[in-house]
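# Examination of the molecular architecture
The lines below spell out each chain.
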Amino acid sequence: MLLEFAKGHGTRNDFVVFADPDNLLDLTAAQVSFLCDRRGGVGGDGILRAVRANQVPEWSGERDVWFMDYRNADGSIAEMCGNGVRVFLRYLEEEGLVTGERVSVATRAGLRTGRFLPDGRIAVTMGPATCGGEVRLTVGANSWPATSVNVGNPHAVAELETAAQLAALDLSVPPTWEPADAFPSGVNAEFVVREAPGRIRLRVHERGVGETESCGTGVVAAAAAAGQSDHCTVEVIGGTLEVDLTGPEAVLIGPAVVVARGTCLLPT
């Protein structure tokens, strides 16, 4: 099967994107893993499949929008992806599939609305960031208390004391958490350091992917867990993102770019 795709990223959180308006191509986990393979496939942290919402049986909301079917690199289904939504919107815009300054997108976490900004960035509503109870994250021989945060998907945010501690983390293996049953579907683990008032630095291990250079929902979760009440600038490995927490929904602001288009022979 020959698949036409685009490759895009938001602060170097990268995705393979393609349109399947009539919901005819339900990728297997093996096909997703193939596409995301950085040596044997196209390469990416995940897959973004654009389907008309009226063709998605499980979606009961607004029908005249695009549905973002997001899959992690290991083929598992995820509820939302903040960087992914921006890349998804950029792809839809460049393909002529949407018009206007504001565009709504259906996701498994609900409806999200993006706004194309004059400076080229995209601002996306992320729903409320809800902080929950305390858990504990462990990496190697070290562990820290962490705040659980729901941004339409699960997060655990641990605050470290120094930038040196953050840099020394080995996130080549998944962090573990206690209690073990706190996140039955896995968790995105964020580790942050406060650099200045309203400014934090972040590293993240995404469930089903590994360490990524950025995570949009993780950035929002980290800003909320750090007790930011208005605006927060978040430095990730892949660049800089901003979070606006002044309204009923968090808003994530950052770049999104499509860097390539092509065709790929997809294994059956």
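Before reading further, recall that the structure is shown in the block above.
How each quantity is defined
- Residues numbered from 1 in each chain as written.
- Predicted model: local features only at pLDDT ≥ 70, side-chain atom pairs only at ≥ 80, totals over all residues.
- Heavy atoms only, no water.
- Buried < 20%, exposed > 50% of the residue type's maximum accessible area, 1.4 Å probe, protein only.
- Helix = DSSP H or I, 4+ residues; strand = E, 2+ residues; numbered from the N terminus.
- Pairing = 2+ DSSP bridges.
- 1 Å grid on protein atoms, 1.4 Å probe; cavity = no way out; pocket = protein on both sides within 12 Å on 5 of 7 lines; lining within 4 Å.
- Points joined across faces, edges and corners; volume = space filled by probe spheres on them.
- Nonpolar A, V, L, I, M, F, W, Y, C, P; charged D, E, K, R; others polar.
- Phe/Tyr/Trp six-rings, centres within 6.5 Å; stacked < 30°, edge-to-face > 60°.
- Expected span 1.5 Å × (residues − 1).
- Contact = heavy atoms within 4.5 Å.

Take the pairing of strand β10 (residues 154-159) next. Counting buried positions over the six residues of β10 gives five, a clear majority of the element. Note that strand β9 (residues 142-150) and β10 share five bridges and pair antiparallel. What sits directly across from alanine 146, in β10, is alanine 158. Once β9 ends, the chain turns through three residues before running back antiparallel as β10, passing glycine 152 with a positive phi of about 85°. Looking at chain direction, β10 and strand β12 (residues 188-196) are connected through five bridges and run parallel. Residue pairing for β12: alanine 158 is matched across the bridge by phenylalanine 191.

In this section: empty space enclosed by the protein. Any space left empty among the atoms is revealed by the rolling of a water-sized probe across them. Counting across every chain of the model gives one cavity of 30 Å³ or more. Space inside the largest cavity adds up to approximately 70 Å³. Every residue lining the largest cavity is counted, 13 residues in all, and those nearest its centre are Tyr70, Met80, Asn153, Asn188 and Glu206. Where the lining of the largest cavity is concerned, the elements lending two or more residues are β4 (66-72) and α4 (216-225). For the lining of the largest cavity, the per-class residue count stands at five nonpolar, six polar and two charged.

Time to look at the packing of aromatic side chains. The final tally for this structure, using the stated rule, is four aromatic pairs. Seen from their ring centres, tryptophan 144 and phenylalanine 191 are 5.8 Å apart, and the 70° between their planes marks the pair as edge-to-face. Pair noted here: tryptophan 144 is in strand β9 and phenylalanine 191 is in strand β12, with a separation of 47 residues, a long-range link. When sorted by exposure, tryptophan 144 lands in the same class as phenylalanine 191, which is buried.

Turning to helix α2 (residues 82-94), a few remarks are in order. Along an α-helix, residues three or four apart share an orientation, since each turn contains 3.6 residues. End to end, α2 covers 19 Å across 13 residues, agreeing with the expected 18 Å (1.5 Å per residue, within 8%). Burial analysis of α2 places 11 of its 13 residues in the buried class, the great majority of the element. Those residues of α2 lying buried are Gly82, Asn83, Gly84, Val85, Arg86, Val87, Phe88, Leu89, Arg90, Tyr91 and Leu92. Where α2 ends, the next residue or the one after it, glycine 96, has phi of about 70°, a positive value.

Time to look at the environment of glycine 75. Following the sequence through the fold, glycine 75 ends up in the loop between β4 and α2. On the basis of relative accessible area, glycine 75 is assigned to the buried category, the value being 11%. Taking C-alpha positions, glycine 75 is 8.2 Å from glycine 46, a pair spaced 29 residues apart along the chain. Once you skip the residues sitting within four places of it in the chain, glycine 75 turns out to touch Ala29, Val32 and Ser33.

Of the pairings in the sheet, the one linking β12 to strand β13 (residues 199-206) comprises seven bridges and is antiparallel in character. Bridge pairing in β13 links alanine 189 to histidine 205. Two successive antiparallel strands, β12 and β13, enclose a turn made up of two residues, where glycine 198 displays a positive phi of approximately 75°.

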